[in-house]
Amino acid sequence: MRSDNSWLRTTTGIVAVLIAVQFLTGVLLAFYYVPSVDHAYTTVSYIEKVVSSGSWIRSLHHYGSQWLTVFVFIHVIRLFLDRAYAANRIQWIAGILILGLVMAAGGTGYSLPWDARAFFSTRVAEGLMAGLPIAGGMARLWLLGGSEISGVTLSRFFALHVLVIPALIGVVVAWRIFRTQIAALFGPRDAIVGTLVFLVLALWALKHPAPFGPSVAEAGADYLPRPGAQFLWLYQSLKYIPGGLGSIVGVVLPGIVLAVLVALPWLKRQRLIAGSLLGLGVVLVAIMTTVSYLSDRRDSRTAQQFARQAAAEEAWRHQPFNPATITLAATTANASAGAPDMYTKFCANCHGTQGQGAQQGPLKFPPLLDVSAKPRRSVDDIVALLKDPTAYGLQPPMRSFADKLTEAQMREIAEWIVKLKK
Amino acid sequence: MNIDTSRRSFLKFLPLAAVFVSIGGAAFRFLRPKLSAATDAWLDVASVSELSGPQPISRKIVAEQITGWAITTEEHNVFVLPAKNNQVVSAICPHEGCEVAWEQNRNRFSCPCHESFFAADGSRISGPAQRGLDALPARVQDGKLQVQYISKEQATRA
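Conventions used here
- Residues numbered from 1 in each chain as written.
- Chains lettered and ligands numbered in written order.
- Predicted model: local features only at pLDDT ≥ 70, side-chain atom pairs only at ≥ 80, totals over all residues.
- Helix = DSSP H or I, 4+ residues; strand = E, 2+ residues; numbered from the N terminus.
- Buried ≥ 20, exposed ≤ 12 C-beta atoms within 10 Å, placed from the backbone.
- Contact = placed C-beta atoms within 7 Å.
- Nonpolar A, V, L, I, M, F, W, Y, C, P; charged D, E, K, R; others polar.
- Pairing = 2+ DSSP bridges.
- Axes fitted to C-alpha atoms, helices over the stretch in contact; angles between N-to-C directions.
- Parallel < 35°, antiparallel > 145°, perpendicular 65-115°, else oblique.
- Core = buried A, V, L, I, M, F, W, Y, C linked by C-beta atoms within 7 Å.
- Expected span 1.5 Å × (residues − 1).
- pLDDT = per-residue confidence, 0-100.
- Left-handed = near helix turned anticlockwise from the far one by under 90°.

### A few points about the overall build of chain A
Assigned secondary structure in chain A consists of 18 helices and three strands. Within chain A, buried positions represent 37% of all 422 residues. Sequence separation of 24 or more characterises 72% of the internal contacts of chain A that already satisfy a separation of 6 or more.

Structural data, given as structure tokens:
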């Protein structure tokens, strides 16, 4: 098929090698990663700090996904310039599908470490779904697996990221390979360039560990999240677009563009349509990505905040690993008298059924055991605190229950809480 | 086969070699198991004053181990032997690791899995187990009997 085996046409080789790297490193990470809001952050910390080569493997996976997106994008442009959509439909359609799937993999994967970045990324994905026309509310519910971001959401992103999307990529790649002569697909120059790109990525990943933000509980209000490089264009665009229109730019338009490009071999005036769509896409993505980098650089306060975050991350890397605590065989729990019904209804979700506290992902909810030993925690204080937590120096998510509980119910809860002992 | 084709087929292995040798080498180290570190804390078993009589006394201790990314808390059954100067033995059968039970009417420990039997002092009577019940390091501190938990595997190596 290929008449001219030039160096500029080796994007297939690069994409193939980078996909292989993503699969390999992804499988390795799955040996330690636990997709639960309790343990995701801990297991990623463990990979970064304790496991041999863990930081390198995770960095390969992180930056590899960004490089892969860039090279698939270049690959599609190259196919377009070669008029592959007319000459080799399978190659063309496979390229477009891979582009969409690689973006989807990047989007879902970003949530998995469950650090502050992941938290914001999940929020943005939620907003993008919610803003979709007509089916937005439904799309949001299906993505989250419920009405709020929860452990179910993390499991869904995990299942999509490690099962559904890789399987689809595998199917597309297999289809592409079996319908094309392998010799035409992967020549010696592909092999050389693919190897070179891998070696550069490997060295890059050695020097730059993948970023890992603070847990949500530890992230200050001034924490600035940024998406992966392949989504900076979307991130920057969302700054200019009011409200729900973001979903149009972030989800609907790219979807339409990908669908039109897939259907291109059957469309008339192929060249005109693809040229304008791709051209527009390239210009938009390039401009927005550049503007995003520049605006972060130029604004001195933003730059200073990023410097602080980088310093905090560097300091975190030098702190010893902090293991989680899990219970294997049943241990006898602290038995205390039954909690008041209103406690179980409003408080137990965060503070535990017996006041033992809880950790939901990076959010830590304090235990109430021995709380009466602390200053300003008498029964009267606790009743007043339930009405106005900020007066007692407490931060959200602790809220006022003045509108939910009667005075008597608050007193009942307070009298039960002061009896809780470790 | 001419020289050009053999060069071509050799080159195809280049990226395979680069990716698999580097990531594969790291993968061995990456996946290598980490040995669990038992915390050598002394765990309270009972007050010495409440231990007496010829019968082994069943107690539970909660031991912590650093396993991978977590500190794992696990409850273990132990027996205090007041007749043997308050020695504490693990309830884990040294054969395959099931938990033995004390049969009071027959004055012996029996393992529910493979019928190993142990005397009231923990020594082996019969069955596939090759040694008696494992004794745990014990001490008395402030009137409390305390032990350090060691697993069957650790006892086997010791």
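### Side note on the overall build of chain B
In terms of regular secondary structure, chain B is built from three helices and 11 strands. Taken over 158 residues, chain B has a buried fraction of 25%. The long-range share in chain B, meaning contacts at least 24 apart out of those at least 6 apart in sequence, stands at 46%.

### Points about the interface of chain B and chain A
Each partner contributes residues to the interface: chain B has 26 residues there, and chain A has 34 residues. Contributing elements (two or more residues each) for the side of chain B that touches chain A: helix H1 (3-11), helix H2 (13-31), strand E3 (57-67) and strand E4 (70-81) of chain B. Of the residues forming the side of chain B that touches chain A, the biggest block, 11 residues, is contributed by H2(B). Grouping the constituent residues of the side of chain B that touches chain A by class yields 15 nonpolar, four polar and seven charged. Direction of pairing for strand E1 (residues 324-327) of chain A relative to E4(B): parallel, over a ladder of four bridges. When the bridges of E4(B) are listed, A:Thr327 appears paired with B:Thr73.

### Remarks on the packing of helix H11 (residues 232-240) of chain A against helix H13 (residues 270-298) of chain A
Residues and elements named next belong to chain A. Across the interface, H11 lies against H13 with an axial gap of 8 Å and an inter-helix angle of 75 degrees. Of the possible angle classes, the one that applies to H11 and H13 is roughly perpendicular. Along the contact surface, H11 presents Leu 232, Trp 233, Tyr 235, Gln 236 and Ser 237, while H13 presents Leu 284, Val 285, Met 288, Thr 289, Val 291 and Ser 292. Grouping the constituent residues of the contact of H11 with H13 by class yields seven nonpolar, four polar and no charged.

### Here we look at the nonpolar core
One finds A:Val15, A:Val17, A:Leu18, A:Leu68, A:Val72, A:Leu99 and A:Val102 to be the most contacted residues of the largest nonpolar core, which totals 80 residues. If you tally residues by element for this core, the top one is helix H3 (residues 54-81) of chain A, at 12 residues. Core analysis: the next-biggest nonpolar cluster, separate from the first, contains 24 residues, B:Ala91, B:Cys93, B:Cys111 and B:Phe118 among them.

### A short note on the environment of A:Arg226
Residue and element names in this part refer to chain A. Along the chain, the position of Arg 226 falls in the loop between helix H10 (188-207) and H11. You can call Arg 226 partly exposed: it has 17 C-beta atoms within 10 Å. With 80 residues separating them in the primary sequence, Arg 226 and Phe 306 have C-alpha atoms 10.0 Å apart.

### What about helix H6 (residues 116-130) of chain A?
An α-helix turns once per 3.6 residues; consequently, residues spaced three or four apart project the same way. Residues and elements named next belong to chain A. A rise of 1.5 Å per residue sets the reference length of H6, with its 15 residues, at 21 Å; its end C-alpha atoms lie 21 Å apart and thus fit the reference within 8%. Every buried residue of H6 is listed here: Ala 116, Arg 117, Ala 118, Phe 119, Phe 120, Ser 121, Thr 122, Val 124, Ala 125, Leu 128 and Met 129. Contacts from the buried residues of H6 go to helix H5 (89-109), helix H7 (136-144), helix H8 (151-178) and helix H12 (245-262).

### With respect to the confidence of the model for chain A
Mean pLDDT over chain A works out to 85, with 94% of the residues at or above the 70 mark. Ignoring residues within four places in sequence, the model shows residues 331-336 of chain A, a span with pLDDT below 50, making eight contacts including any to other chains.

### What to know about unusual backbone geometry
Its identity as a non-glycine residue notwithstanding, A:Ile134 has a phi of 65 degrees, on the positive side. What makes A:Ile134 exposed here is the crowd of 7 C-beta atoms within 10 Å. The phi torsion at B:Glu115 lies on the positive side, around 60 degrees, for a residue other than glycine.

### A closer look at the sheet that holds strand E6 (residues 101-103) of chain B
Residue and element names in this part refer to chain B. Pairing is antiparallel across the open sheet formed by four strands, whose spatial order is E6-E7-E8-E9. The sheet terminates laterally at E6 and strand E9 (124-126), the two strands that pair on one side only. In the sheet, strand E8 (residues 117-118) pairs with E9 via two bridges, with the strands oriented antiparallel. The partner of Phe 117 across the bridge, within E9, is Ser 126.

### So, the sheet that holds strand E10 (residues 138-141) of chain B
Residues and elements named next belong to chain B. Read from one edge to the other, the open sheet built from three strands follows the order E2-E11-E10, with strand pairing classed as antiparallel. Since the sheet does not close on itself, it has two edges, and those belong to strand E2 (43-47) and E10, each with one partner. Shown here is a sheet whose adjacent strand axes are inclined to one another by a mean of 35 degrees, direction ignored. One ladder, built from four bridges, connects E10 with strand E11 (residues 144-147); its direction is antiparallel.

### Points about the pairing of strand E5 (residues 87-90) of chain B
Two elements, E4(B) and E5(B), share four bridges in a ladder whose sense is antiparallel. When the sheet's bridge partners are listed, B:Val80 is paired in E5(B) with B:Val88.

### A word on the environment of A:Asp388
Residues and elements named next belong to chain A. Here Asp 388 lies in the loop between helix H17 (379-387) and helix H18 (407-417). Take Asp 388: there are 12 C-beta atoms within 10 Å of it, and that puts it in the exposed class. In the structure, Asp 388 is positioned 13 residues away from Phe 401 in sequence and 7.9 Å away in space, judged by C-alpha atoms.

### Structural notes on the packing of H17(A) against H18(A)
Residues and elements named next belong to chain A. The geometry of H17 relative to H18 is characterised by a closest axis approach of 9 Å and an angle of 130 degrees between their N-to-C directions. In terms of orientation, H17 and H18 fall into the oblique class. The hand of the H17/H18 crossing is right-handed. Packed against H17, whose contacting residues are Val 379, Ile 382, Val 383 and Leu 386, the element H18 presents Met 410, Arg 411, Ala 414, Glu 415 and Ile 417 at the interface. A class-by-class count of the residues in the contact of H17 with H18 yields seven nonpolar, no polar and two charged.

### Looking at the pairing of E4(B)
Residue and element names in this part refer to chain B. Here E3 pairs with E4 via 11 bridges, running antiparallel. Looking at the pairing, Ser 58 lines up with Phe 79 of E4. The hairpin formed by E3 and E4 contains two residues between the paired strands, and Gly 68 there has a positive phi angle of roughly 60 degrees. Linking E4 back to E5 in an antiparallel pair, the connection comprises five residues, with Asn 85 at a positive phi of about 55 degrees.

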